[in-house]
Amino acid sequence: MTALVEKHAGYRQITLNRPDRLNALNAEMGDALMVALAEAEADPACRAILVTGAGRGFCAGQDLGDVAVSDAGPPDLKGLLDHYNAVIRKLRGLPMPVVCAVNGVAAGAGANLALACDIVLAAKSANFVQAFSRIGLIPDCGGTWFLPRLVGMARARALAILAEPLPAERAAEWGLIWQAIDDDRLMEAAHALTARLAKQATIGIALTKRALDAAEVNTLDAQLDLERDLQDEAGHTSDYAEGVRAFLEKRPPNFTGQR
Ligand code: T3D
């Protein structure tokens, strides 16, 4: 199994599982991720997702053993990327929050897979490498979109062109990720955060994600209208009613994640 799924109360953990190759991506893993994400999305009991990697790496990007140029010519990179792009689109389009626990090196498409998640935690020993330029490629799986938005164009350009490893603590300082965490505490912290998210107002979070994604292209005027409409939707959920009731009654809310 190239992607392992574990069910926890309220959330699922999806683990990239080719540890002897630092979880390098291949077509089979792309398919397995799509299935795991689609199944999580279809499960009403699943209100958050945790993505991580098995072994000492998070993901070393494309499995280069599968894409070597041969006598038959270059490999079908377009076809492969259509495959991986579907995974990135699926991840970004999920209504529930996705936490990524980067347990070790995240290189090439593996780095950008992590950046597609909503909240990225990383072990302090991990690093992020836009390894593409080392082999004559361009950042893909959304890299050229995520990087400038997260860290600004000057840093995005240097990361993409130089392909130098960015240590987790600096990645957090730069705003590429949310937090760098001591290695031995990473998974405990990632589970605690995902479990906490699984108890929050799930529809409100889904609408927040939609608003933030739309803000990437909207004018302020359009965004204000969108916020008004999404807030109206959030305001009709039972979680909103419960949130206000709980506040007034001075107790923690008991959100169900339902409409
Ligand atoms: O095909 C397309 O559509 C194009 C898409 C491209 C998207 C991309 O992701 S391009 C970028 C591809 N990734 C890379 O270029 C990274 C290659 N890996 C590395 O540079 C290094 O492995 C790391 C910096 C990630 C980690 O270094 P280190 O020293 O910690 O580990 P290592 O010894 O290099 O790797 C451990 C094993 O994993 C090793 O195998 P071995 O010698 O023990 O049998 C190594 O060959 C294997 N491995 C690591 N990365 C890949 C890989 N095998 C296949 N593909 C890999 N990407």
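Quantities reported herein were computed from a predicted structural model and do not represent experimental measurements. Here the residue numbers are simple positions, counted from 1 along each chain's written sequence. Thresholds applied to this predicted model are a pLDDT of at least 70 for local features of residues and 80 or more for the giving and counting of side-chain atom pairs; totals over whole chains, interfaces and linings are not thresholded and use all residues. The side-chain figures draw on all heavy atoms in the structure; neither hydrogens nor water molecules are used.

### As for the environment of Val 151
- In this structure, Val 151 sits in helix 4 (residues 143-151).
- Only protein chains enter the accessibility calculation, which uses a 1.4 Å probe; a residue is then buried when its area is under 20% of its type maximum, exposed when over 50%, and partly exposed in between. Note on Val 151: relative accessible area 10%, which makes it buried.
- By definition in these notes, contact holds between two residues if any of their heavy atoms fall within 4.5 Å. For Val 151, the residues in contact, after removing those within four places along its chain, are Ala 156, Leu 159, Trp 174, Gly 175 and Leu 176. In this description a helix means any DSSP run of H or I spanning at least four residues, a strand means any run of E spanning at least two, and both kinds are numbered starting from the N terminus.

### So, the nonpolar core
- Counting residues in each nonpolar core, the largest one holds 63 residues, and the members touching the most others are Leu 33, Ile 49, Phe 58, Val 102, Phe 128 and Leu 176.
- Once you skip the residues sitting within four places of it in the chain, Val 102 turns out to touch Phe 58, Ala 114, Val 120, Leu 121, Ala 122, Ala 123, Ala 126, Phe 128 and Leu 186.
- Put simply, buried Ala, Val, Leu, Ile, Met, Phe, Trp, Tyr and Cys residues joined by side-chain atoms within 4.5 Å make one nonpolar core. Ranked by size, the runner-up nonpolar core spans five residues in total, among them Leu 207, Ala 211, Leu 230 and Ala 234.

### Observations regarding the pattern of salt bridges
- When a carboxyl oxygen of Asp or Glu lies within 4 Å of a side-chain nitrogen of Lys or Arg, that pair is called a salt bridge. Applying the stated criterion to the full structure yields 13 salt bridges.
- Here Arg 228 ties to Asp 225 by a salt bridge, and the two come within 3.4 Å at their closest N and O atoms. In this pair, Arg 228 and Asp 225 both sit in helix 9 (residues 220-235), three residues apart, roughly one turn of the helix.
- Classification of Asp 225 by relative accessible area gives partly exposed; the value is 38%.
- A salt bridge links Glu 242 to Arg 251, with the shortest nitrogen-to-oxygen separation between them at 2.7 Å.

### As for the packing of aromatic side chains
- Only Phe, Tyr and Trp rings take part, Trp by its six-membered ring, and two of them pair if their centres are within 6.5 Å. Stacked means planes under 30 degrees apart, edge-to-face means over 60, and tilted covers everything else. On inspection of all chains with the given rule, the structure shows one aromatic pair.
- On the numbers, 5.6 Å between centres and 90 degrees between planes, the contact of Trp 145 with Phe 146 is edge-to-face.
- The class for Trp 145 is partly exposed, based on a relative accessible area of 35%.

### Examining the sheet that holds strand 3 (residues 48-53)
- One requirement defines pairing of two strands: DSSP has to find at least two bridges between them. A sheet is described by the order of its strands in space; here six strands give the open sequence 1-2-3-5-7-10, paired in mixed fashion. Each having just a single partner strand, strand 1 (3-8) and strand 10 (179-181) make up the two edges of the open sheet. In this sheet, adjacent strand axes meet at a mean angle of 20 degrees when their direction is disregarded. Lines fitted to the C-alpha atoms define the axes, with helices restricted to the stretch that makes contact. Angles between their N-to-C directions range from 0 to 180 degrees.

### Quick word on the sheet that holds strand 4 (residues 57-59)
- Taking strand neighbours across the sheet as the criterion, the four strands line up as 4-6-8-9 in an open arrangement whose pairing is mixed. Of all the strands in the sheet, just strand 4 and strand 9 (166-167) have a single pairing partner and so form its edges.
- The pairing of strand 8 (residues 127-129) with strand 9 spans two bridges and is classified as antiparallel. Bridge pairing in strand 9 links Phe 128 to Leu 166.

### Some words on the pairing of strand 1
- Both strand 1 and strand 2 (residues 11-16) contribute to a ladder of six bridges, which runs antiparallel. Of the residues in strand 2, the one forming a bridge with Val 5 is Ile 14.
- The turn joining strand 1 and strand 2, which pair antiparallel and follow one another in sequence, is formed by two residues; a positive phi near 90 degrees is taken by Gly 10.

### Let's talk about the site of the ligand
- If a single non-hydrogen atom of a residue is within 4 Å of a molecule or strand, that residue counts as near it. Taken together, 24 residues form the shell around the ligand, and within it Arg 56, Ala 60, Gln 62, Leu 64 and Ala 109 come nearest.
- The definition of a polar contact used here is a pair of N or O atoms within 3.5 Å, where within protein one atom must be able to donate a hydrogen and the other to accept one, and adjacent residues in sequence count solely through side-chain atom pairs. A distance of 2.9 Å separates a nitrogen atom of the ligand from a polar backbone atom of Ala 60.
- Calculation of accessible area relied on Shrake-Rupley with a 1.4 Å probe; when residues are assessed, cover is drawn exclusively from the protein chains displayed. Compared with its free state, where it exposes 1000 Å², the ligand has 67% of that area covered by protein.
- Looking at the shell around the ligand, the elements with two or more residues in it are helix 2 (77-93) and strand 6 (105-107).

### Regarding helix 9
- Compared with the 22 Å implied by 1.5 Å per residue over 16 residues, the 22 Å span of helix 9 between its first and last C-alpha is a close match.
- Of the residues making up helix 9, those classed as buried are Gln 223, Leu 230 and Ala 234. Take helix 9 and look down its axis: the buried residues cluster within an arc of 50 degrees, on one side only.
- The inward-facing, buried residues of helix 9 contact helix 8 (202-215) and helix 10 (238-248). The span one expects for a helix is its residue count, reduced by one, times 1.5 Å. When we speak of the arc, we mean the arc of directions from the helix axis to the C-beta atoms.

### Brief notes about a nonpolar patch on the surface
- Within the patch definition used here, like charges are joined within 9 Å and nonpolar side chains (Val, Leu, Ile, Met, Phe, Trp, Tyr) within 5 Å, considering only residues with over 30% relative accessible area and no salt bridge. A cluster of nonpolar residues, Leu 64, Leu 77, Ile 135 and Leu 137, forms a patch on the protein surface that exposes about 340 Å² of accessible area.
- Relative to the helices and strands, Leu 137 is located in the loop between strand 8 and helix 4.
- We classify Leu 137 as partly exposed; its relative accessible area is 37%.

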